[in-house]
Amino acid sequence: MATSNLNEQALLSLVQDGEGRAWSTSLNGWSANSGIPVCDWDGITCGDDDVVKEVNLPSEGLSGTIPSELGLLTELEVLTLKNNILQGS
């Protein structure tokens, strides 16, 4: 699987429940069918190699469990999800 597909899969795992899908429609990108490159999605910063380096989604109303798929973002340096209702281990 290409890096961009892994990035997309990992990020979309944050918005798989009903509330997340509703939230995701209010931001640029955040849909598998948006046609917008992951690096252009709201809250996402990529390095020169188009690999996700930062996910910045504070106070976005996200809820649920932090998905293990975020582990697919192997070059992630910053993850900001504060002031959401997320849980996990």
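1. Quick word on unusual backbone geometry
- Residue Trp-30 is not a glycine yet carries a positive backbone phi of 55°.
- Within the element layout of this structure, Trp-30 appears in the loop between α2 (18-24) and β1 (44-46).
- Despite not being glycine, Ser-59 shows a phi value in the positive range, around 55°.
- Here Ser-59 shows up in the loop between β2 (52-56) and β3 (63-65).

2. A closer look at the environment of Glu-77
- Inspection of the secondary structure assignment puts Glu-77 in the loop between β3 and β4 (78-80).
- Expressed as a C-alpha distance, the spacing of Glu-77 and Lys-53, which sit 24 residues apart in the sequence, is 5.3 Å.

3. As for the packing of aromatic side chains
- Taken as a whole and judged by the stated rule, the model has 1 aromatic pair.
- Between Trp-30 and Trp-41, the aromatic rings sit 5.0 Å apart at their centres with planes inclined by 45°, giving tilted as the arrangement. Residue Trp-30 is located in the loop between α2 and β1, and its partner Trp-41 is located in the loop between α2 and β1; the two are separated by 11 residues in the primary sequence. The burial state of Trp-30 is the same as that of Trp-41; both residues are buried.

The rules behind these values
Residues numbered from 1 in each chain as written. Predicted model: local features only at pLDDT ≥ 70, side-chain atom pairs only at ≥ 80, totals over all residues. Heavy atoms only, no water. Helix = DSSP H or I, 4+ residues; strand = E, 2+ residues; numbered from the N terminus. Phe/Tyr/Trp six-rings, centres within 6.5 Å; stacked < 30°, edge-to-face > 60°. Buried < 20%, exposed > 50% of the residue type's maximum accessible area, 1.4 Å probe, protein only.

Fair warning: the whole summary comes from geometry, so function is off the table for now.
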